[in-house]
Amino acid sequence: MYTQALNQADTGPKVVEDAEKLARFEAKIDAEERIEPNDWMPEAYRRTLVRQISQHAHSEIVGMLPEGNWITRAPTLRRKAALIAKVQDEGGHGLYLYSAAETLGVSREELIDQLLSGRAKYSSIFNYPTLTWADIGCIGWLVDGAAIMNQIPLCRTSYGPYARAMIRICKEESFHQRQGYEIMLTLCRGSADQKAMAQDALNRWWWPALMMFGPPDAQSVHTEQSMRWKIKRFTNDALRQQFVDATVPQAHFLGLTIPDPDLRYDGASGHWRFGAIDWEEFRQVLAGNGPCNRERMEARRRAHEDGAWVREAALAHAAKRRARAAIAKVAAE
Ligand code: FAQ
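Residues numbered from 1 in each chain as written. Predicted model: local features only at pLDDT ≥ 70, side-chain atom pairs only at ≥ 80, totals over all residues. Heavy atoms only, no water.

1. Observations regarding the layout of surface pockets
Left-over empty space is what a probe sized like a water molecule reveals as it rolls over the atoms. Spelled out, the test is: For each structure, a 1 Å grid was placed over the protein atoms alone; sets of points admitting a 1.4 Å probe that cannot get out are labelled cavities, open sets with protein on both sides within 12 Å along at least five of seven lines are labelled pockets, and lining residues have an atom within 4 Å of a point. Grid points are joined across faces, edges and corners, and a volume is the space filled by probe spheres set on the points. Every helix listed is a DSSP run of H or I at least four residues long, and every strand listed is a run of E at least two residues long, numbered separately from the N terminus. Put simply, Ala, Val, Leu, Ile, Met, Phe, Trp, Tyr, Cys and Pro go in the nonpolar bin, Asp, Glu, Lys and Arg in the charged bin, and everything else, Gly too, in the polar bin.
Each pocket or cavity is described by its volume, and for the largest pocket that value is around 1,100 Å³. Counting only elements with at least two residues in the lining of the largest pocket, the list comes to α2 (43-62), α4 (77-102), α6 (133-151), α7 (160-188), α9 (223-228), α10 (236-254) and α11 (279-289). With seven residues, the top contributor of residues to the lining of the largest pocket is α6. Its residues placed into classes, the lining of the largest pocket shows 19 nonpolar, 16 polar and ten charged.

Encoded structure:
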């Protein structure tokens, strides 16, 4: 497969050794075995994983902001407790994912620096504002719903630490999705104003949720290679379709209208066919021009600066412990 990429004419010992390593790596992938941190892997595989896992981690951390905005305004104590737990879970997901990325030889500092300097991406969805309480319902229902659709297959991704991290993350995302749907259900069974608020939130979150799955397959730079390496198990378009098929009946149950005049059920294929996505809006959000890009990055930079004393204190504590251990060792000798 990828071995063909090596220069066939060059048969020096290094090249032969690399070809053997590559063949062993490919055989493992083909046999559905996991690649572990100490296994040899092609540099491009390592880079792809660092990119995807770290962007995923950044998304979880930046993703805490839109909902964090509503913790003080949750309508009941029960809603507040659930929302705090959800936002904490997202912080936890970010930390597992940074740890998984670190097993690939990149440091946490480097990854955070990539985010704060604007060199690393995070999910487009978190650049939209949360204007009403119904937006919190929509984030759980649609954003976590889309995240689950994308992430369940990642439990079988070929890199061991990433796959294992995803198992717990998906269990928690499932709780998140249900709490969001339950908020929507409560609003839709409430007053006419509450139902209108739920519809308005759906109108604003529907299309950005579809964009979460990434560009169409024909324009996706990484899908083909990532599918061959079994990092990704499904293409962006396939997952987007699965999400639409699962979500449209849920909207109908709520009595809400999906804001897409072209949406129609195709009985022959069993799929809900949807209208054209505004990819220009997606490009703009990725370029930093979404409604909240600047605000989100500013909040993360401020949090990083505010946390500097914690990092410094932890390092000073670790240095003291090391010094004490060194003195105790000398005294014991
Ligand atoms: N936003 O060639 P592809 C969550 C970039 S977690 C921004 O198709 P790939 C939990 C892509 O990085 C949500 N950028 O790329 C939660 C690439 O740019 P690059 C995050 C995007 O990697 C819920 C370029 O476009 N989930 O929601 C987006 O094969 C509620 C070309 O794209 C994950 O990260 C986008 N939407 O496929 C938290 C899951 N889409 O790197 C709080 C893991 C694409 O070359 C509240 N990641 N790009 O500069 C993946 O499955 C994949 O990375 C995709 C993209 C599917 C996101």
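2. Some remarks on unusual backbone geometry
Glycine aside, residues mostly have negative phi angles, and peptide bonds mostly take the trans form. Backbone geometry at E32 places phi at a positive 65 degrees, although glycine is not the residue there. Structurally, E32 is set in the loop between α1 (13-30) and α2. The phi dihedral of K230 falls on the positive side, at around 60 degrees, and the residue is not glycine. The topology assignment puts K230 in the loop between α9 and α10.

3. Considering the site of the ligand
As a reminder of what qualifies: By convention in these notes, a residue is near a molecule or strand provided one of its non-hydrogen atoms lies within 4 Å of it. In the analysis that follows, any N or O atom pair within 3.5 Å is treated as a polar contact, provided that within protein one partner can donate a hydrogen and the other can accept it, and provided that, for residues neighboring in sequence, both atoms belong to side chains. For a cavity or pocket, the test is whether more than half of a molecule's atoms lie within 2 Å of its grid points; if they do, the molecule sits there.
The full set close to the ligand counts 35 residues, and Q55, K121, S220, H222 and K232 are the nearest of them. Here M212 contributes a backbone N or O atom positioned 3.2 Å from a nitrogen atom of the ligand. In the environment of the ligand, an oxygen atom lies 2.9 Å from a nitrogen or oxygen atom belonging to the backbone of V221. Comparing atom positions with the cavity grids shows the ligand to sit within the largest pocket. Listing elements by their share of the shell around the ligand, those giving two or more residues are α2, α4, α6, α7 and α11. Broken down by element, the residue count for the shell around the ligand peaks at six residues, all from α2. Its residues assigned to classes, the shell around the ligand shows 13 nonpolar, 13 polar and nine charged.

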